[in-house]
Amino acid sequence: MDFYNIVFYLFALITVVSAAFVVTTKNVIHSAFFLLFTFFGVAGIYVLLGADFIAVVQIMVYVGGILILLLFGVMLTNKITDVEIRTGTIHLLPAAIGVGVFMGALIAVMVWTNWKSVPTEIPLTTTKTLGNLLITDYVLIFELLGILLLIALIGAASIARRDKE
Amino acid sequence: MVGFPILSLITFLPVLGMIAILFFPKEQVKPVKYLSLVITAIQVVLAIVLLSNYNYSAAGVYDEKSFQFIEKFRWINITGLSWLGNVKIDYFMGVDGLSTPMVLLTAIISFIATLSSWTINKSVKGYFALFLLLDAGMMGVFVALDFFLFYIFWELMLLPMYFLIGIWGGPRKEYAAIKFFIYTLLGSVFILLSMIGLYFSTTETLADGSKVYTFNMLAMMNPANSTQDGILSILNPNNLRFAAYIALFAGFAIKIPMFPFHTWLPDAHVEAPTPISVILAGVLLKMGTYGILRINYPMFPEITRQLMWWIALFGMINIIYGALVALAQKDFKKLIAYSSVSHMGYVLLGMASLSTSGINGAIFQMFNHGTITAMLFLIVGVIYDRAHTRGLNDFGGLAAQMPVYTGFVTVAFFAAIGLPGMSGFISEALVFVGSFGVELTRILAMVSTLGILLGAAYMLWTLQRIFFGPLNEKWSSLTDLDKREYAMLVPLALIIIFLGVYPSAMLDIMNTSVNSLVNFVSGNIDSLTISGL
Amino acid sequence: MSESLIINLSVLILFLPLFGFTTVIFLGKKFPKLYLFEVAILTSALLLSIFVLYAKLTFFNVKDIIAEFTWISMNNLPFGDVININLGVKIDNVAAIMLFVVNLISALVHIYSIEYMRGDRYYTRYFAYLGLFTFSMLGIVITHNLLMMYIFWELVGLSSYLLIGFWFHKKSAADAGKKAFIVNRIGDIGMFIGILILFTNYKTFTFDVIFEQIAAGNLPFGSEAWLTAAGILVFMGAVGKSAQFPLHVWLPDAMEGPTPVSALIHAATMVAAGVFLVTRIFVMLTADAMLVIAVIGAFTSLLSATIALTQNDIKKVLAYSTVSQLGYMIMSLGVGAYVFAFFHLVTHAFFKACLFLGSGSVIHAMHHEQDIQKMGGLKKKMPITYWTFLISTLAISGIPLTSGFLSKDGILAGTLAFGKLTGHWLIPITGFTVAALTAFYMFRLVILTFHGEPKDHHKFEHAHETPWVMTAPLVILSVLSIFIFYTPNPISPDAGWFMKNWVKTPTQVVPDNTRYHHMVESTEEAKAEIHGEIVHSVEYTETMHWAHYPAMLMSLIVAGFGILIALIFYTWKKVNADKLADKLKLLYKGSLNKWYIDELYDKTAISGTLNFSSILAWFDQKIIDGAVNGSAWLTRVVSKFSGWFDTFAVDGLVNFTAFFSGFVGFSFKKLQTGKVQTYIVFVIFSVIILLLLFKPF
Amino acid sequence: MLQVGLTHFLVVSAILFSFGIYGIVTRKNAVMVLMGIELVLNAANINFIAFAKYGNFGFSGQMIALFVIILAAAEAAIALAIVLNIYKTFLSVNVDEIDHLKE
Amino acid sequence: MANLYQSLELILPEIVLSLALVVLVTSDLILHKDKRLIPYIAGLGIAVTGAFVINQFNFSGFAFQTSSNTLRNYGMVAVDPFGVFFKLIVIASSILIVFFSYSSEEINKTIDRLGEYYALIFGMMLGMFFMITATDFILIYLSLELLSLSSYVLSGFTKLRDRNSEAALKYLLYGAVSSGLMLFGISLIYGLTGSTNLYVINSLLQVNSFNGFTFSFAVILVFAGIGYKISSAPFHFWTPDVYEGAPITITAFLSVASKAAGFALLIRFIKTTFVSFVDVNGAWALIEIFDWKTILVAISILTMTLGNFSALWQDNLKRMLAYSSIAHAGYLLLGIVVFSNQGLIAMLVYFVIYLLMNLGAFLVVMLVANKIGSEEIDDYNGLGYTSPLLGISFAIFLISLTGLPPTAGFIGKLYLFIALVDAKMITVAVIALLNSVVSLYYYIRVLKHMYLIRATESTPAVVSSFGNKLLVLIIVIPVLVLGIYFSPLIDFAKRSITILGL
């Protein structure tokens, strides 16, 4: 039970528990905040996995971008104090049981599968390598992502802006 | 032999007519009608030209060389496939003794039906366009010798028919049209499956010596062309030939219509407008039996021999069942429709005997039933046009009111019940001679003679209910036939009587071919000697 | 005088009436006088037939003149031979005589009808029909093969249908025509099958070829039973046309037609066609077949004679008498008295035609009154009619000096001989009984009609003798009922030209061992005779000679007895017929109502068929249509399209399939809830299901 | 067991994934559904990085994770736009009320 | 990255398309007053791209190899005739959609945003192009997302009716979940094989053995992502709602182009990843790690049955055509389940025909909706009389969709069924046939409404402009001609079955 393990369990706990709150809490603002914790937890896990750059990106994009977007979405569409009372189309209990079973199966798969495991140390800083890869091997993806962002920009703007009536 | 592609012409002339009609303005009703009339008249002329150049001693059936007026060229040709070799579909037309009578019949009935269509007032343009398309489809079925082509024509007539019933029909036209459509489509699905199976079981040797799968019907008939492992190949010990035979037979039987697939017929007939009933009964039903003779018989001789008795049995059931049900009808048209069921039974019975006289009789009966039933439906149309009812019990005593009409009705009815002197008698007699002559079907033939009696019963009863007895005053204003109706009925009556007196005119056309067919199906010809190449 | 002339003339005679028919039917409307043309044609046909008869009997007395051509020729696979269906003409003595008889009666009826039918709405058409009928009948007479026989047989059926139903506006007439045709068809089916049996075996329809083959020992399907069957089946045709039991019911109804038609068709020609047919196929009948024929003939004659006793309609009496006489002829053929059967056919044709025409004359005079109860005393008013009628009555009753006496006596002798040789005594007994009954009811008819006091004075006052165009045929026919035309010897026809020279029992027959085998052992020695001869007929002929005088005597006695009773009942009124009828109520009612045979048929066969057909129609509509439609799913979908579902959703199977297919469609529909989360759940489930289904652990 | 290995990361991912699914199918609010989707994407990302590390697959796993994060952002932008649009139209973002198109 | 230039050459059409997109966006900004030029620019862009695609027809090669050392790393993009074929399908349908949009009232009402509209269509096209050529999971996922994001927006683009927004939302949520599942599946495959490259995975599969269950799980998750694009059951649920709700031009585009890309991806995925070799007869030998055959047979049957049976109940023509397109996805899958070149040919042939007849049907629906503002079947009563050309054309399209001769649809079905029969999959062929019979009902029902039922109120005659008539004719004529003379099409398909990799 070394430090690494303890840190892992900590992050794992944060991630899982806050994720659970994200999907169960009735207040949408609370959900958003728990989501923040989840993202942090995941970022921590990335760090534990040696993906420091990704962890940073995770925080920057997810927390700085996506979460803010979501909050904006919440605010633009809800009164802040709105509480979700009525259950939706899918009743919670059957959904919980179903997802529980599904989760069990998934965990079983994860545990019992004979994954390729060749423990190697990944260099502490990955940023440079990733940067290189980004303009060599993955240049196509990189460019394509650019176009995708452009499209997303156009699309989001197009659909969200008010029409001239 | 004529110097031009007569079969293509006779088949596609109506299509040309249809295209021309589509360019007519909507209001121009007369020219459309006259154009159609001219087109169908030319068809009749072409049919006569064909007949006058016809070689009576050429057999056809399975032998390409003795087919006549052949037109054959590669239509679709795809080479260089890895495993399929070479996909080819021929535009292959030709006639022999089995199809020539049907070509004649189609031409005549189309012409008469065009005349009968004169009373159509609703969307005339569309009507005649569809009508001509239907005409082309029917003609094509009878002249096509490539299975694929055959199938295309077979399907081609489906839609025009659907619309002709569905748009210009009676009160329950939609129901009837859909029913017709579904039934026949179901039938053609069976045919399609078998066709594909046959395709993959038959190879044809091309000029360059390569063997390719083929849709050529004549090649399919030759066992020497079977592939080693095709699912319908005779060489394959686990072949599905029996199932394919049944599928094909069912597909055709729906068209005939054979009991128990016949229930679309009364509905379709009752709802269809008169000319369409005429076409339906006059030509369409024949396609079923023609298909069996053209495809089932020579392609599956061994199964045909095996199933003779069953075919005869169904023929018998058709005859008697149709007649009995006809006896209970109260609607004039429905009665005629069921009488068609009964009469087509004779065709089945004759075919089943697998003897020259029986099959001669069957084909002759196809022709005769075509003309006679056409006349019957025209007759129903005449009275329906005037009285707007077809209830048998609504009439009475019309003989006094419409003597000439009654005369034609009498001719048609007696022709239908097989009175000697009329064509129907000869064919029915030949059917019986054939089926009685074969021990297997003898008892069935004997039972089937009951049909003669029942036929007389329902026909005469009808005659009596409509025409005899005191005149129902309601109808005292009905007029007798007009000129156009004369023009429709007289030719048919003349044909019926002419062929009744001089049947050889028709029998000689088919005799050689039928002989050859019988020989072939009964296995009298060594398979190797008939190789088409 | 050449054979071809006779052939050509016969064919000409055949086609003359057809020509008349077509001309009149197509042009009759424009030229109403054309009926005269038809009459003229028939007259010329009559003259020609007289010439043919004369030529045949004089120049070719023993030779059959045959001419034929191939009508249809085709290979006959799988049997490997060629079928030639030949049509042809065979003029033997029988045909020549029949040609004459038919033409004569037809011509007379034509002439008679000029007056009788005058004023009818379809006057010209009537003559056209007569022409058509004559054509058909002549066709039967001169054909040399079974197919043509059948063809003309049916044509006769058609023309009789047209003529019986001539007054189609009367429902009863139309019914009668229909009934005649359909009942005849029943017989025809049998005949057709019989012909099929023969054709299948001999590949020809020609009589002579078939008989030759049979004589050569070539039996149908190699068995004698089939030959018997073929004989009986072909005979069924005769049962229909000649109105034999059980198909006799159409004939009395056919009296709905105009009376001259009854005279032509239902007395002399059409009904005689059956007898003629049996004479044609006589040589191929086996002993069993003949026994059947004899029994049917005897029974028919007895049955209808008993019915005739009580009928009050003048034409009905004659009709039943006709059936009875036809039964006689058939019986005669059955017992082997071929010549006498044919002889009786001829004589009966004349006197029965005369009777019918006479009754027509009476009806005409009485303004279409047909009930004999309402007649009486017409003797004074209509002398010519009376006397001709009386002569014919004597003839039919078998009183000496008449032709009827000769022929009837021969038949009775034949039955006696048959009884003696075979032990079937019931047949002669029936024969004599019928003779007595015939004499009785015929005299009853004469007495009630012509003698005594008129019952309906009003009608009586207006009654008068008919014009000469009507009486002349009566006279001619009654004269022909006198013996001198057939034989110089008034008591024995054997020496006469008819029997001796003109008509002989055919010599060529079925294999001898099949014939008369029931004639016990007495014919044992005859077997040695030459193959193909009617060896037994020698014995039979001898026995007939033996029976000749006893038969004559007895027939005279029974006829006299019959007449006596009639006189006692109706002239002298010693016995009150009505009271007697009351006493024998059951019998009387039975007889009056034709033994309820019509009703029986109605209740069983006819309504049975109709009910069955209604059931089938129901079955067709509900079950077949439902089930084969494959599914009512079709019905359901179709009906959903147009909203006819309610009418068409039928019970049982149909409902089930409808439910099932509807369920399938509906379940699919239900999946589409519109809620996207549901869809997502489905996706996840599908992933799991796919995984479980296709990759178990 | 307690020694952290590949499996542990995978289990976290599996749980996160399942929670994501749960959120997607149970939340009414469209925005909350979107949160569930983010959880699912995060779960996949953990997988990629964990596999890459433990399987010695190089940097491809991290690259993918990077791309997915960026893509998630784009998706979120679009999604939020659509949700806003929905709100404008229906005055509600309750997913289970937006079911006019069905059957 | 030695092969960068070669790679760029190989993706020239995509580059051109991207440039066109940029040009379009730029010109949209420039022409902010009058957008009427936009469609022409878009059309031109597509045409130029098309020219480059055609130019690529005889090219083949791999592009964007990664520097990994594993064997058979051919790169992220494969340019081959197969890809070109589908790109041409996309090009053809895009051009037609541009024409459609030009006539569409719906789109013309939002003329202000026309630039965005075409930009998004270009985005879709780009996504499709890369989906068609992608051989690496990263690219697959990314291109799929590119396509999806554009189409989410487009399906809610006009914002004219509630159902637009609803369609967009449903499509978005459904799509996001599907792609999330797919991503998760990809991560699992990555975990098992260590690669995202299809070729690498293929060679690993041939050599190593993997945990079959986990692998299958992953493949099914990936299939969920593809299956949702081709709207095959059970991943089709979005289809009817989105098709009904989206602007009709987009519906048409989704039903053809998007589906084409999905199929191209599916085929390439299967062929590249799971086929060990192709035998002399053209049959594909599958690696036995995942039972594609069973699963695809089941899915195709389920898809067509579900599509056809559900379509029976529809009264909205767009929705009915949506179900019909689901059913056609089932038929198209039949071409794959044969796992042979012949099946592939049949499928390609069918796709071309499907493109024509489906777009034709949508065009008619659109033209009618332009005038009468409704897609309900009852509003089609008597249409055959009021608008003969549209009526007849629609009839021909529907007949072709049913698969009756002499229309092209028949030829398509014929080839499919021939392939099935030859593969001895007769039961499947029979089921497919029976399905065609079922489909007849709802197609015929439309004909019934057009011809057999007279309009109760006076149906407004749908008088189309000359251009629209021409457009209809341009589609209807090939449908008829291909029913009679189709060998060029077959040849084309035959030459297009080369999928790089083996």
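Details of the structure are given in the entry above.
The rules behind the values
- Each chain has its residues counted from 1, running along the sequence as written.
- By the order in which they are written, chains take letters starting at A while ligands take numbers starting at 1.
- In keeping with the model being predicted, local features are shown solely for residues with a pLDDT of at least 70 and side-chain atom pairs are shown and tallied solely at 80 or more, while totals for entire chains, interfaces and linings include all residues.
- Here the side-chain values reflect all heavy atoms present in the structure, with hydrogen atoms and water set aside.
- Helix and strand definitions follow DSSP, with helices as H or I runs of at least four residues and strands as E runs of at least two, each counted in order from the N terminus.
- Radius of gyration: C-alpha atoms only; globule rule: 2.2 Å multiplied by the number of residues to the exponent 0.38.
- Residue contacts are defined here by distance: any two heavy atoms, one from each residue, within 4.5 Å place the two residues in contact.
- Here the Shrake-Rupley method, with its probe set to 1.4 Å, supplies the accessible areas, and only the displayed protein chains count as covering residues.
- In this scheme, patches are assembled from residues that exceed 30% relative accessible area and form no salt bridge. Like charges are connected within 9 Å, while nonpolar side chains (Val, Leu, Ile, Met, Phe, Trp, Tyr) are connected within 5 Å.
- The working definition used for a salt bridge is a side-chain nitrogen of Lys or Arg within 4 Å of a carboxyl oxygen of Asp or Glu.
- Type-normalised accessible area, obtained with a 1.4 Å probe on protein chains alone, sets the label of each residue: buried when under 20%, exposed when over 50%, and partly exposed for intermediate values.
- Nonpolar cores were defined as sets of buried Ala, Val, Leu, Ile, Met, Phe, Trp, Tyr and Cys residues, with membership established by side-chain atoms within 4.5 Å.
- In this entry, domain limits derive from an automatic or database-based domain assignment.
- Each of two parts loses accessible area, computed with a 1.4 Å probe, when they are put together; buried area is these two losses added.
- Counted as a polar contact is a pair of N or O atoms within 3.5 Å, where, for protein atoms, one must be capable of donating a hydrogen and the other of accepting one, and residues adjacent in sequence contribute only when both atoms are in side chains.
- Residue polarity follows a fixed list, in which Ala, Val, Leu, Ile, Met, Phe, Trp, Tyr, Cys and Pro are nonpolar, Asp, Glu, Lys and Arg are charged, and the others, Gly among them, are polar.
- Angles here are taken between N-to-C directions and fall from 0 to 180 degrees, while the axes themselves are lines fitted to C-alpha atoms, restricted in helices to the stretch in contact.
- Roughly parallel refers to an angle under 35 degrees, roughly antiparallel to one over 145, roughly perpendicular to one between 65 and 115, and oblique to any angle outside these ranges.
- Note that His is not counted, nor are the chain ends; the positive residues are Lys and Arg, and the negative ones are Asp and Glu.
- Between the rings of Phe, Tyr and Trp (Trp by its six-membered ring), a pair exists once the centres lie within 6.5 Å; its type follows the angle of the planes, with under 30 degrees stacked, over 60 edge-to-face, and the other angles tilted.

Caption draft 1: Structural context of the overall build of chain E. Per the secondary structure count, chain E includes 21 helices and four strands. A globule of 502 residues ought to have a C-alpha radius of gyration of about 23 Å, and chain E, at 22 Å, matches this closely. Dimensions along the principal axes, computed over C-alpha positions, put chain E at roughly 70 × 60 × 40 Å. Long-range contacts, defined as pairs at least 24 residues apart, comprise 80% of the intrachain contacts of chain E with a sequence gap of at least 6. Counting only carbon and sulfur atoms, one obtains 64% of the accessible surface of chain E, whose full area is about 12400 Å².

Caption draft 2: Focus on a nonpolar patch on the surface. Together, Ile384, Val475, Val479, Ile482, Ile484 and Phe485 of chain C give the surface a local cluster of nonpolar side chains, amounting to about 430 Å² of exposed area. Here Val479 of chain C shows up in helix H20 (residues 468–479).

Caption draft 3: Up close: the pattern of salt bridges. Residues and elements named next belong to chain E. With the rule as written, the count across this model stands at 24 salt bridges over all chains. Between Glu244 and Arg319 there is a salt bridge; the shortest N-O distance is 2.7 Å. Remark: Arg319 occurs in helix H14 (residues 317–337) and Glu244 occurs in helix H11 (residues 238–245); sequence separation between them is 75 residues. The pair Glu244 / Arg319 is uniform in exposure class, with both members buried. Ionic pairing is found between Lys318 and Glu375, a salt bridge with its closest N-O pair at 3.7 Å. Placement of Lys318 in helix H14 and of Glu375 in the loop between helix H15 (341–372) and helix H16 (383–386) is noted, with a sequence separation of 57 residues between them. On the accessibility criterion, Glu375 (5% relative accessible area) is buried. Residues participating in the shared-partner salt-bridge network are Glu166, Lys170, Asp241, Glu244 and Arg319.

Caption draft 4: Inspection of the nonpolar core at higher detail. In terms of nonpolar packing, the biggest core is built from 821 residues, with Phe147 and Tyr297 of chain B together with Trp292 of chain E touching the most fellow members. Inspection of this core shows a minimum of three residues originating in each of domain 1 (1–83) and domain 2 (85–165) of chain A. In this structure Trp292 of chain E touches Val219, Phe223, Phe269, Ile270, Phe274, Leu286 and Phe339 of chain E, once residues within four positions along its chain are discounted.

Caption draft 5: Main features of the interface of chain A and chain D. Contact with chain A, which involves 85 residues of that partner, is made by 73 residues of chain D. Taken over both partners, the interface formed by chain A and chain D buries close to 7100 Å², and the fraction arising from carbon and sulfur atoms is 76%. At the surface where chain A touches chain D, the tally comes to zero salt bridges. Our enumeration of links across chain A and chain D arrives at seven residue pairs in polar contact (both at pLDDT 80 or more). Those elements that provide at least two residues to the side of chain A that touches chain D are helix H1 (3–24), helix H2 (28–48), helix H3 (52–77), helix H4 (92–112), helix H5 (127–135) and helix H6 (139–160) of chain A. If you tally residues by element for the side of chain A that touches chain D, the top one is H3 of chain A, at 13 residues. Looking at side-chain class alone, the side of chain A that touches chain D contains 59 nonpolar, 20 polar and six charged residues.

Caption draft 6: Broad picture of the packing of helix H12 (residues 301–327) of chain B against helix H18 (residues 439–448) of chain B. Residues and elements named next belong to chain B. Contact pair H12 / H18: the axes reach a minimum separation of 9 Å and the direction vectors enclose 0°. One element, H12, and the other, H18, form an angle in the roughly parallel class. Across the interface between the two elements, Met308, Trp309, Ala312, Leu313, Met316, Ile319 and Ile320 from H12 touch Leu440, Thr441, Leu444, Val447 and Ser448 from H18. A breakdown of the residues in the contact of H12 with H18 according to their chemical character gives ten nonpolar, two polar and no charged.

Caption draft 7: Region of the structure containing the interface of chain C and chain D. Contact residues are listed per partner, giving eleven residues for chain C and 13 residues for chain D. Both sides of the chain C and chain D interface together cover about 910 Å² of buried area, and 61% of this is carbon and sulfur. Joining chain C to chain D, the criterion identifies zero salt bridges. Viewed at the interface, chain D and chain C are joined by two residue pairs in polar contact (both at pLDDT 80 or more). In terms of residue count, helix H29 (residues 676–694) of chain C provides more of the side of chain C that touches chain D than any other element does, six residues in total. Class assignment of the residues belonging to the side of chain C that touches chain D gives a composition of five nonpolar, four polar and two charged.

Caption draft 8: Structural view of unusual backbone geometry. The step from Phe245 of chain C to Pro246 of chain C runs through a cis peptide bond, and the omega angle for that step is 5°. One can find Pro246 of chain C in the loop between helix H8 (224–241) and helix H9 (250–253). For the bond running from Ala233 of chain E to Pro234 of chain E, omega is -5°, close enough to zero to count as cis. Unusually for a residue other than glycine, Leu401 of chain C sits at a positive phi of about 80°. Assignment of secondary structure puts Leu401 of chain C in the loop between helix H16 (383–397) and helix H17 (403–422). Phi at Asn56 of chain D is positive, roughly 55°, even though this residue is not glycine. With respect to the helices and strands, Asn56 of chain D occurs in the loop between helix H2 (30–55) and helix H3 (60–90). Residue classification places Asn56 of chain D among the partly exposed residues on the basis of a relative accessible area of 44%.

Caption draft 9: Broad picture of the side chain of Lys229 of chain E. All names here are of chain E. Among the secondary structure elements, Lys229 is positioned in helix H10 (residues 212–229). Here Lys229 occupies a buried position and makes no salt bridge, while the nearest side chain of opposite charge, Glu145, is found at 8.2 Å. Not counting the four nearest positions on each side in its chain, Lys229 is found in contact with Met131, Leu144, Leu147, Ser148, Ser151, Tyr171, Trp238, Ser258, Lys259 and Gly262.

Caption draft 10: Geometry of the arrangement of the chains. By contact count, the dominant pairing among the eight pairs of chains in contact is that of chains A and D. The closest approach of any C-alpha atom in chain A to one in chain B is 37 Å; the two make no contact. You won't find any contact between chain B and chain D; their C-alpha atoms come no closer than 25 Å.

Caption draft 11: Summary view of the packing of aromatic side chains. Summed over all chains, the structure comprises 105 aromatic pairs over all chains. When the centroid spacing of 5.4 Å and the interplanar angle of 65° are considered together, the rings of Phe180 of chain B and Trp264 of chain B count as edge-to-face. Taken together, the positions of Phe180 of chain B in helix H7 (residues 173–199) and Trp264 of chain B in helix H10 (residues 264–271) put the pair 84 residues apart, joining distant regions of the chain. Relative to Phe569 of chain C, the ring of Phe440 of chain C lies with its centre 5.7 Å away and its plane at 90°, an arrangement referred to as edge-to-face. Of this pair, Phe440 of chain C sits in helix H18 (residues 426–450) while Phe569 of chain C sits in helix H22 (residues 535–571); the two residues are 129 residues apart in sequence, bridging distant segments of the chain.

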